[in-house]
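# Structural characterization, general
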Amino acid sequence: MSTVTAARAAGHVRPRSADLYHRGRGVFPSGVTRSTVDLDPYPTYLLRGEGAYVVDVDGNRLLDLNNNFTTLLHGHGFAPVVDAVTDLLRKGTCFSNPTDHEIALAELLVSRIPAIEQVRFVNSGTEAVMFAIKAARAFTGRPAIARFEGAYHGAYDWAETGQYGSFDSARTGRRTARSAYTGAPGTTADTVVVLDFNDVDGLEESLMPHAKSLAAILIDPMPSRAGFLKPLPQFIERLSEFAQEHGILIIADEVLNLRQGYNGASFRYLLAPDLVTAGKIIGGGFPIGAVGGRRDVMSVFGSDAKAPLVPQAGTFSANPVSMVAGRVAMEAMTSQDFGRLERLGDRLRSQLSELAVKHDASFSIAGAASLFRIHPKRKVPNTYPDARTTPAEAARMRSLSRFFRENGILLPADAAACLSTPMTDGDIDSVSSAFEMFLTTSEGGKEEAQQ
Ligand SMILES: Cc1ncc(COP(=O)(O)O)c(C=O)c1O
């Protein structure tokens, strides 16, 4: 009996995915090669993408609200990117020398993002954040970083320490960032200060004891993993004042939230960062990261000094494929296009919110522009502790995500979801209909009993 037949006989509704998972388990820890893959109860393996949709190996067509973790602005197989990259493939995909493609993408970013005067390209958001932190250290001559509990900034040790919370340490006598993995050097946490997002009153007290050792405050203007928390204007104001007063740089991590508009997220929330990190959308579907910012701060990457203060290379940094795909995808995103996506986002968020109220269900909708997140909570959370899910709430989100998948929609269970330019009002309405159907099921409606 083939494994697909066996998977079918075992009652799997997606037998080919079940079979691939079986094979994957032989070669990958947990069967997959990135920890963000939805394993509920096994991944949905994809065959191809078509505009706003993906098709899985079992032939199911799904509206893609994930878009590779918010990367794809134009969905799948966007013709201008396909044509440009196809043309490039024949001419060479990576060189040791620079090309004009990197200058063109850099010029686009500099012209759109007010805080970016100069830029350097890398291959991922993780690297972008790592180099921004190193640049801030080199510029200020200070070692420490402040960051917000719960926020995700990629996998550099100083960026991930504190993502999973903090504790009061007897050793340091202060609030200490929790390491992201067992065995991580405790000394990393000694140079990470943990803050609470939107804590207007507690901000200064938390920062003051470390003011002289802080190189930067690392902030995602609307931290997605922490709950897609909308920044309070007074919070942004206080943070900016404190940083300025104490010579601390602000790094706005816009790897995800650059998607919030033509000029990015900091501009939208009146934050004036010294450094900005970008990734995802600026690669047009190919690997990319960028760190940009004030010309004087960015000069730490330069070779005008005897040796660069912060060595930054990377075998694939600024590879022409990512540069061209990114430029073409971004050029196709005018401010009108951002506006249209935002209107679709508004339509979806308001429909889903109204349905939650109509059915008296414990769900609320956070997000902005083309991004949204469904919370298994009655009120949209404002702080990370409010956004944390109980096991019962997490189970409801998994049920919702599973229900969506069974009804032709791919929704990340505990991360930001997003729209893409090929989506229509009809697609939005189909998401709302599926949500309403879910709310009328026993799983969708029984939250009070579970708590
Ligand atoms: C805010 C933020 N920073 C950094 C990263 C890391 O980017 P990458 O996955 O490209 O390394 C992410 C990825 O989701 C992110 O959302």
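Residues numbered from 1 in each chain as written. Predicted model: local features only at pLDDT ≥ 70, side-chain atom pairs only at ≥ 80, totals over all residues. Heavy atoms only, no water.

Bringing the pattern of salt bridges into the picture now. Within this structure, the stated rule accounts for 17 salt bridges. Between Asp-87 and Lys-91 there is a salt bridge, with its nearest N and O atoms 3.0 Å apart. Note that Asp-346 and Arg-349 form a salt bridge whose closest N and O atoms lie 2.7 Å from each other. Taken together, the residues span about one helical turn, with Asp-346 and Arg-349 both in helix α14 (residues 335–358) at a distance of 3 residues. Judged by its relative accessible area of 38%, Asp-346 falls in the partly exposed class. The structure contains a network of salt bridges with shared partners spanning Arg-48, Glu-50 and Arg-61. (Salt bridge = Lys/Arg side-chain N within 4 Å of Asp/Glu carboxyl O. Helix = DSSP H or I, 4+ residues; strand = E, 2+ residues; numbered from the N terminus. Buried < 20%, exposed > 50% of the residue type's maximum accessible area, 1.4 Å probe, protein only.)

Right, let's talk about helix α5 (residues 100–112) for a bit. Here α5 is 13 residues long and its end C-alpha atoms lie 19 Å apart, about the 18 Å a rise of 1.5 Å per residue gives. On its buried face, α5 sits against β4 (118–122), α13 (320–331) and α14. (Expected span 1.5 Å × (residues − 1). Contact = heavy atoms within 4.5 Å.)

Considered as a void within the structure, the second largest pocket measures approximately 570 Å³ in volume. Glu-102, Val-119, Arg-120, Phe-121 and Ala-318 are, among the 27 residues lining the second largest pocket, the residues nearest its centre. Elements supplying a minimum of two residues to the lining of the second largest pocket: α5 and β4. In terms of residue count, β4 provides more of the lining of the second largest pocket than any other element does, 4 residues in total. Among the residues making up the lining of the second largest pocket, the classes are represented as 13 nonpolar, 11 polar and 3 charged. (1 Å grid on protein atoms, 1.4 Å probe; cavity = no way out; pocket = protein on both sides within 12 Å on 5 of 7 lines; lining within 4 Å. Points joined across faces, edges and corners; volume = space filled by probe spheres on them. Nonpolar A, V, L, I, M, F, W, Y, C, P; charged D, E, K, R; others polar.)

Now for the sheet that holds strand β1 (residues 46–50). Strand order in the open sheet made by the 4 strands is β1-β2-β3-β15, with mixed pairing throughout. Two strands bound the open sheet, and with one partner strand each, they are β1 and β15 (409–410). Inspection of the sheet shows β1 paired to strand β2 (residues 53–56) by 4 bridges, in the antiparallel sense. Residue pairing in the sheet places Leu-46 in a bridge with Asp-56 of β2. (Pairing = 2+ DSSP bridges.)

When its domains are assigned, the protein chain resolves into domain 1 (3–77 + 334–450) and domain 2 (79–331). The straight-line distance from the C-alpha centre of domain 1 to that of domain 2 is 27 Å. On the domain 2 side, the residues contacting the 33 residues of domain 1 number 32 residues. Summing both partners gives a buried area of about 2500 Å² for domain 1 against domain 2, and 58% of it is carried by carbon and sulfur. Three residues stand out in domain 1 for area buried against domain 2, namely Phe-338, Asn-382 and Tyr-384, and they jointly supply 25% of the buried area on that side. Taken together, the links from domain 1 to domain 2 amount to 1 salt bridge. Put simply, Glu-342 and Arg-268 hold a salt bridge, and the shortest N to O gap is 2.8 Å. Here domain 1 is connected to domain 2 by 11 residue pairs in polar contact (both at pLDDT 80 or more). Counting residues per element, the ones that place at least two in the side of domain 1 that touches domain 2 are α3 (67–70), α14, β13 (364–368), β14 (371–375) and α15 (384–387). (Domains from an automatic or database assignment. Buried area = accessible area lost by both parts, 1.4 Å probe. Polar contact = N/O pair within 3.5 Å; in protein donor to acceptor, adjacent residues only side chain to side chain.)

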